[in-house]
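Listed below, chain by chain, are the residues.
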Amino acid sequence: MSILTLARGERARPATAPDTAPGAAVPARTSAWRRRAVWLAAPWLLPLALFALWQLGADRGWISPQVLPPPAYVWDTLRDLFTSGDLWTNLRASLLRVLVGFAGGSVLGLALGTAMGLWRPLQAYLLPTFNALVQIPVLAWLPFVLLLVGIGEPLKYILIAKAALVPVTLNTLQGFRLASPALREVARAYGYSRRQEVLEVILPLATPTLFTGLRLGFTKAWLSLVVVELVASSEGIGYLIVYGRQLFQLDLVMAAVIVVGAVGLLIDRLLDALETRLLGARRATRAGAQAEAVP
């Protein structure tokens with residue numbers, strides 16, 4: 001039995017059969033299926049309503065096509081970008097930038113948050129300055145970083161990493177704070193080493209918060225990528241937006257915006273699925289260990 005179980009006083013309890021009548025099984029399943037269908041459909045209601053309003057406005061001529069192109073124009077532009085290979089070329093450049101910047105910022109954020117979470121004196125020295133620096137937006141750092149590294153790819157990597165660094169660091173620190181001093185004292189009383197205390201006591205409590213920080217870090221990195229590409233880039237999804245604006249091809253702008261939203265949502269869902277799977281596996285392992293420890 002782990003120290004978390006001992007500290008909380010948790011014990012495994014045998015599963016009991018639900019008190020439901022046999023005749024109520026079918027209605028209960030039907031009701032659960034309906035609730036699940038409503039839950040799955042609810043996120044699509046607002047996008048579908050906005051799309052219907054967009055199509056209706058285009059059909060009725062409420063907005064000029066030069067200001068807001070009809071959905072059919074945007075769809076044709078997306079298809080042309082896909083068939084010509086321009087979409088993949090620019091998307092690949094953007095994904096490479098965001099992955100490199102996000103990886104660098106996340107690693108540094110995890111290390112910095114862990115260090116401040118484990119050593120309170122370091123937190124007292126660094127956290128006030130860190131909180132002051134994170135209030136400065138990414139674009140404000142652009143001229144300074146531009147003077148240091150020029151307008152090439154390192155500029156984009158640094159700014160994207162800075163955007164990811166902030167939420168990852170703060171959520172890592174918050175996760176390490178979840179382990180109360182009393183719980184850590186219990187771990188020391190049971191003879192846990194510093195390494196065991198971190199891996200078996202602090203880290204299990206901090207894992208959900210760490211994943212939240214990583215998801216927020218990616219969101220910030222993705223948004224910063226588009227901003228950086230709008231300012232200084234010759235390829236990428238942000239560059240497509242600038243290019244379309246300069247030529248007043250708003251169908252291209254809308255197509256690029258749709259790609260930005262779709263890719264960002266897809267990666268966020270993948271991170272959410274990874275978090276759910278890892279946390280579920282951890283809970284299952286812990287429950288099995290607790291069941292074996294109960295006489």
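Residues numbered from 1 in each chain as written. Predicted model: local features only at pLDDT ≥ 70, side-chain atom pairs only at ≥ 80, totals over all residues. Heavy atoms only, no water.

## Details of the overall build of the protein chain
The line we're drawing: Where helices and strands are cited, they refer to DSSP runs of H or I of at least four residues and of E of at least two residues respectively, numbered from the N terminus. Exposure classes here rest on a 1.4 Å probe applied to the protein chains alone. A residue is buried below 20% of its type maximum, exposed above 50%, and partly exposed in between. Should any heavy atoms of two residues lie within 4.5 Å, those residues are counted as being in contact.
Each helix and strand in the protein chain was counted, giving 11 helices and zero strands. Looking at the protein chain as a whole, 34% of its 295 residues qualify as buried. Taking contacts inside the protein chain between residues at least 6 apart in sequence as the whole, the part at least 24 apart equals 73%.

## As for the nonpolar core
Stated precisely, the cut-off is as follows: Grouping buried Ala, Val, Leu, Ile, Met, Phe, Trp, Tyr and Cys residues that are joined through side-chain atoms within 4.5 Å yields what is termed a nonpolar core.
Counting 25 residues, the largest nonpolar core has Val98, Ala221, Trp222, Ile237 and Val259 as the members making the most contacts within it. Where this core is concerned, the elements lending two or more residues are helix H3 (71-84), helix H4 (86-118), helix H7 (153-177), helix H9 (194-231), helix H10 (237-246) and helix H11 (250-293). With seven residues, the top contributor of residues to this core is H11. Leave out the neighbours within four places in its chain, and Trp222 touches Leu95, Val98, Val260, Val263 and Gly264. Of all hydrophobic cores here, the second largest spans 10 residues; its members include Ala187, Tyr192, Val198 and Ile202.

## Quick notes on helix H5 (residues 120-133)
Just so we agree on the cut-off: Helix span, as expected, comes to 1.5 Å for every residue beyond the first. Bend, at a single residue, is the angle you get between axes fitted to the 7 residues ending at that residue and the 7 residues starting at it.
With 14 residues, H5 extends 20 Å between its outermost C-alpha atoms, agreeing within 8% with the 20 Å of an ideal straight helix rising 1.5 Å per residue. Leu126 marks where H5 bends most, by close to 35°; the proline Pro128 follows one to four residues later. Those residues of H5 that fall on the buried side of the exposure criterion are Gln123, Leu127 and Phe130. The secondary structure elements touched by the buried residues of H5 are H4 and H7.

## Focus: the packing of aromatic side chains
Applied cut-off: Side-chain rings of Phe, Tyr and Trp, where Trp is taken by its six-membered ring, are said to pair if the distance between their centres is within 6.5 Å; with planes under 30 degrees apart they count as stacked, over 60 as edge-to-face, and otherwise as tilted.
Under the criterion given, the structure shown has four aromatic pairs. Summarising the aromatic geometry, the rings of Phe102 and Phe218 are spaced 5.8 Å apart at their centres and angled 90° between planes, so their arrangement reads as edge-to-face. With Phe102 in helix H4 and Phe218 in helix H9, this pair connects stretches of sequence that are 116 residues apart. Taking the relative accessible area as the measure of exposure, Phe102 reaches 16% and is therefore buried.

## A few points about the UniProt feature "transmembrane region" (unreviewed entry) in the protein chain
For clarity, the threshold we go by: UniProt positions are given in the numbering used here, feature names are shortened, and annotations may be inferred rather than shown by experiment.
The residues that UniProt annotates with the feature "transmembrane region" (unreviewed entry) are residues 95-118, 130-151, 222-243 and 250-267. In the segment residues 222-243, helix accounts for 77% and strand for 0%; the C-alpha atoms at its two ends are 19 Å apart. Helix makes up 100% of residues 250-267 and strand 0%, whereas the separation of the span's terminal C-alpha atoms amounts to 26 Å.

## Some thoughts on H7
For H7, built from 25 residues, the straight-helix expectation of 36 Å at 1.5 Å per residue is met to within 8% by its first-to-last C-alpha distance of 36 Å. Residue Leu165 marks the point of greatest curvature in H7, where the axis turns by about 25°; the proline Pro167 follows within four residues.

## Focus on the packing of helix H6 (residues 138-149) against H7
Formally: Only the stretch in contact is used when a helix axis is fitted, and all axes are lines through C-alpha atoms; the angle between N-to-C directions ranges over 0 to 180 degrees. Take the far helix as the reference: if the near one is turned anticlockwise from it by less than a right angle, the crossing is left-handed, and if turned clockwise, right-handed. Under the scheme applied, nonpolar residues are Ala, Val, Leu, Ile, Met, Phe, Trp, Tyr, Cys and Pro; charged residues are Asp, Glu, Lys and Arg; polar residues are all the others, including Gly.
The geometry of H6 relative to H7 is characterised by a closest axis approach of 10 Å and an angle of 145° between their N-to-C directions. Pair H6 / H7 crosses with right-handed handedness. Note on element contacts: H7 touches H6 through Pro154, Leu155, Ile158, Leu159, Lys162 and Ala163, opposite Val138, Trp141, Leu142, Val145, Leu146 and Val149. For the contact of H6 with H7, the class distribution of residues is 11 nonpolar, no polar and one charged.

## Quick word on the packing of H4 against H10
Going by this rule: We call two directions roughly parallel when the angle between them is under 35 degrees, roughly antiparallel when it is over 145, roughly perpendicular when it lies between 65 and 115, and oblique otherwise.
Here H4 crosses H10 at 125°, and the two axes come no closer than 7 Å. Between H4 and H10, the crossing angle belongs to the class labelled oblique. Of the residues in H10, those touching H4 at Leu87, Asn90, Leu91 and Ser94 are Ile237, Tyr239 and Leu240. Partitioning the contact of H4 with H10 into residue classes produces five nonpolar, two polar and no charged.

## What about the side chain of Glu229?
Our working rule: Pairs of N or O atoms are called polar contacts if they sit within 3.5 Å, as long as, within protein, a hydrogen donor faces a hydrogen acceptor (for residues adjacent in sequence, only side-chain-to-side-chain pairs).
With respect to the helices and strands, the residue Glu229 is situated in helix H9. Using a relative accessible area of 2% as the deciding quantity, one classes Glu229 as buried. A polar contact of 2.6 Å, which involves the side chain of Glu229, links it to the side chain of Arg97.

## Quick notes on the environment of Leu230
With respect to the secondary-structure elements, Leu230 resides in helix H9. The partly exposed category is assigned to Leu230, whose relative accessible area is 37%. Spatially, the C-alpha atoms of Leu230 and Val242 are 6.0 Å apart, while their sequence positions differ by 12 residues. Not counting residues within four places of it along the chain, the set of residues in contact with Leu230 comprises Gly238, Ile241 and Val242.

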